[in-house]
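Topology and contacts: notes
One-letter residues, chain by chain:
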Amino acid sequence: MTAVANAVADVSLDPIVYLNGELVPLSEARVPVLDRGFIFGDGIYEVAPLYANGAGPRTPFRLQQHLARLARSVGKIGIANPFDDTGWRELISRVVAANEADGSLRVDQDAIVYIQVTRGVAKRAHAFPAGVQPTVFVMVTPLQLPGEMQRAQGVRCVSAEDRRWLNCDIKSVSLLGNVLMAQYAAENDAFETIQFRDGMLTEGSSSNVWVVKGGVLSAPPRSRKILEGIRYGLIEALSQECGIRFEAREISEAEVRVADEIIVSSATKEVLPVTQLDGQPVGEGKPGAVFAALYAAYQRAKVKEAQHVQQGVENESRENITA
Ligand code: PDD
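What you are looking at is a predicted structure, and each value in this text was computed from that prediction instead of being measured.

1. A few points about helix H4 (residues 85-101)
- A rise of 1.5 Å per residue sets the reference length of H4, with its 17 residues, at 24 Å; its end C-alpha atoms lie 24 Å apart and thus fit the reference within 8%.
- Within the span of H4, buried status applies to Gly87, Trp88, Arg89, Leu91, Ile92, Val95, Val96, Ala98, Asn99 and Glu100.
- Positive backbone phi, approximately 85°, marks Gly103, located one or two places after H4.

2. Topic: the sheet that holds strand S4 (residues 56-60)
- Pairing is antiparallel in the open sheet, where 6 strands are placed in the order S2-S1-S6-S5-S3-S4. Only two strands of the sheet have a single neighbouring strand rather than two, namely strand S2 (22-25) and S4. Averaged over all neighbouring strand pairs, the angle between strand axes comes to 25°, with direction disregarded.
- Where strand S5 (residues 111-118) lies against strand S6 (residues 135-142), 8 bridges are found, and the strand directions are antiparallel. Across the sheet, Ile115 pairs through a bridge with Val138, a residue of S6.
- Against the sheet, helix H3 (residues 63-76) touches strand S3 (43-53), S4 and S5, its axis set at about 175° to S3.
- Here H4 sits on the sheet in contact with strand S1 (16-19), S2, S3, S4, S5 and S6, set at roughly 45° to S6.

The rules behind the values
Residues numbered from 1 in each chain as written. Predicted model: local features only at pLDDT ≥ 70, side-chain atom pairs only at ≥ 80, totals over all residues. Heavy atoms only, no water. Helix = DSSP H or I, 4+ residues; strand = E, 2+ residues; numbered from the N terminus. Expected span 1.5 Å × (residues − 1). Buried < 20%, exposed > 50% of the residue type's maximum accessible area, 1.4 Å probe, protein only. Pairing = 2+ DSSP bridges. Axes fitted to C-alpha atoms, helices over the stretch in contact; angles between N-to-C directions. Contact = heavy atoms within 4.5 Å.

Following this line, the structure appears as structure tokens:
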């Protein structure tokens, strides 16, 4: 890295964020300790990629789906959505513009938008308080996608019993169960912990998990036991495009252990091959053909979404975020 790149990277440690109506440096953003997000983990969040397009406009990827999931998450916990889709898009654009203007985010850098909504600030009592304004926080930071090496070699994972609650479909900020699983991976020098509940595959600490056997791609069905990643529907569609059969079904731990391929997916990782699980090679111990096909299709989907923006295609043109 050059000195200039380092300087830019340092600045990005203090990006401009949105908090309750104001744009402020992250280091100056404050929430009261009685915020229910702090006291109870009473809130939800969203994480969506905003890809750089050379000199062209930044393209949020699947933002419509991310905003729909955000609306579902607040709905499921009885918080009124603070903004409609247009309002959220405008807000994200403002934060992106502020960070590009102050040099925290280069135009050629991929970014990630983190949105958090909590129930707000109230006297500590468990049940929902009346007449409270939700706390709204939006942060845009550079996104470092997995490197070529990780894709070429695949990543090592460990496994553990899924001990989380049974509302994993809500993208809740109450992430202690996930945090403990991520820490378990870190302590075991692994990329991710793949979880099983009652002997059946659920998901990673912050990713969905896919299994390939005999050329067929499978994932646990949508249910309250997993977070339906925005990549879930995307990969379903991409597998169809690639002529790969897809099955949403319960997958036993035994099946995972004899899989030809295991793949993890998330907004920040896209798709990544898992080549070792609990010290044992997955399939032949190297990334497989289904991963290769899905990764290529994923990259094509990014290009397509960016082109739609440039061509001003109806609907997709709303995926355009400029500085
Ligand atoms: N996590 N399952 C869990 C538990 C997750 O936390 C995530 C994403 C996913 C994949 O969802 P998506 O494809 O929409 O990213 C599945 C984000 C990236 C996070 O917590 O940072």
